[in-house]
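For reference, the chains in residue letters:
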Amino acid sequence: MKRIYLDNAATTPLLPEVKDFMCRALELYGNPSSSHRIGEEARELLELARENIASFLNVLPSEIVFNSCATEGNNTVLRNVLYLKRRGNIVISSIEHKSVKAVARELEKEGIELREAIVGTDGIVELEALQTLIDEDTLLVSVMSVSNEFGTIQPIHEISKLCMERGVPFHTDAVQALGKVNFSLQGVNYATFSAHKFHAPKGVGFMFVREGSVLKPLLLGGGQEGGLRSGTQNLPGILAMAKALELIYENLDENISKVEKLRDSFESLLLEKIPDVKIVGKYSRRSPSISAVIFPRGNSRDIVNGLSERDLFCSSGSACSSGEVIPNEHLIKMGFSQEEATRMVRFSFGLLNGEEEVSEAVDRILKVL
Ligand SMILES: Cc1ncc(COP(=O)(O)O)c(C=O)c1O
């Protein structure tokens, strides 16, 4: 059976051009911090990659800080509030990724109050509720650009305006946005990214740190990345990341439409065959890459495992403990029932998926159900 990979929100395969490019880049062994010519050559390529990435995002090269992944970026930005040396609160949305939530919980132990803005059944953070949480003691607001679970696009520009009016720094985890939706960093102070989510390699990412924003580094050492992230840069990974963005941004609108067509035909076919499935955030602004489906029967673990046996790869919307399927806590908070919260499966599409995979995927889903 042909393998069908619909788990692109977890990670994406390399674009073939990126793979070829990276294989060649692996020959570059120079350390960008060395003062000799080999180091200088490496440094020039590193800075070129920084300039290219900055130009796609319409920001300054000096505002791009290379690191290992978004988990590192999120830890760096959230922990930064500890250096402000004052008590206060941070505001996050209730559906943030674990790499934001787990750090926020650690900050609570250090005396920082954690405030969570609610998200409606439509998968969108409630702006009015969020607004009431921000006050003069707010040290940081952190809301993701696109939900990794539901694909819903969060109103980050409205949130950044609220923050700006109150003089509060704003961070967005933009992992599921870059290369997948049209988005801009206007009004954002900090943003975090992982390359493997946009058809580039794992173990490399970057932060956007707006000029003038305070950031204490998480890692100290050689002072690379303007002192904001010590450690020798992963040059082949960074070059491959810049290459992937270059290829995606060359035809961004076309690439977005391609994935949107796949997602739309998948959802139409699924709804035609199983009319009582629910798609979370169906009528909200959504990333074309993610379809969060609540099935009318079964549970997410059994469905995902059954599909995996049939060579269709997707992701369970719920965790498991001692063999029990635990309802997805984000869905519960959004107002879905306990049952529904055990039945969500996430299908996520990427640039290497083909139209022919859609009907085959739906056939396999019907068999498993
Ligand atoms: C929204 C979001 N933030 C952060 C991360 C963490 O990315 P990484 O594991 O590459 O650090 C992910 C990965 O799934 C994600 O989807």
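All values derive from a computational prediction rather than experimental measurement. (Residues numbered from 1 in each chain as written. Predicted model: local features only at pLDDT ≥ 70, side-chain atom pairs only at ≥ 80, totals over all residues. Heavy atoms only, no water.)

Q: Explain the UniProt feature "coiled-coil region" (unreviewed entry) in the protein chain to me, please; I cannot follow it from the model alone.
A: The feature "coiled-coil region" (unreviewed entry), as annotated in UniProt, sits at residues 242-269 in this numbering. Each end of residues 242-269 is marked by a C-alpha atom, and these two atoms are 36 Å apart; helix forms 96% of the span and strand 0%. (UniProt positions renumbered as here; feature names shortened; annotations may be inferred. Helix = DSSP H or I, 4+ residues; strand = E, 2+ residues; numbered from the N terminus.)

Q: Before we go on, may I ask you to explain the sheet that holds strand 12 (residues 315-316) in this structure?
A: Hydrogen bonds along the backbone pair up the strands of a sheet, which may run parallel or antiparallel. Strand order in the open sheet formed by 4 strands is 9-10-15-12, and the pairing between neighbours is antiparallel. The strands lining the two open edges of the sheet, one partner per strand, are strand 9 (278-279) and strand 12. Its contacts with the sheet put helix 9 (residues 300-309) on strand 12 and strand 15 (344-348), and the angle it makes with strand 15 is roughly 40°. (Pairing = 2+ DSSP bridges. Contact = heavy atoms within 4.5 Å. Axes fitted to C-alpha atoms, helices over the stretch in contact; angles between N-to-C directions.)

Q: Teacher, can you tell me more about the environment of Ile256 here?
A: Its location among the elements puts Ile256 in helix 8 (residues 252-273). Remark: the alpha-carbon pair of Ile256 and Gly179, spanning 77 residues in sequence, is separated by 7.9 Å. Apart from the residues within four sequence positions on either side, Ile256 is in contact with Lys180, Val181, Asn182 and Pro288.

Q: How do you make sense of the sheet that holds strand 5 (residues 138-142) when you look at a structure like this?
A: Read from one edge to the other, the open sheet built from 7 strands follows the order 2-8-7-6-5-3-4, with strand pairing classed as mixed. The open sheet has two edge strands, strand 2 (64-67) and strand 4 (113-117), and neither has a second partner. On average, each strand axis in the sheet is tilted by 20° relative to the strand beside it, whichever way the strands run. Pairing analysis gives 5 bridges linking strand 3 (residues 89-93) to strand 4, with the strands arranged parallel. Note that in strand 4 the partner of Ser93 across the bridge is Ala117. Helix-sheet contacts for helix 2 (residues 37-57) involve strand 2, strand 7 (190-194) and strand 8 (205-209), and the interaxial angle to strand 2 is about 120°. The strands touched by helix 3 (residues 70-79) are strand 2, strand 3, strand 5, strand 6 (170-173), strand 7 and strand 8; relative to strand 7, the strand with the most contacts, the crossing angle is about 160°.

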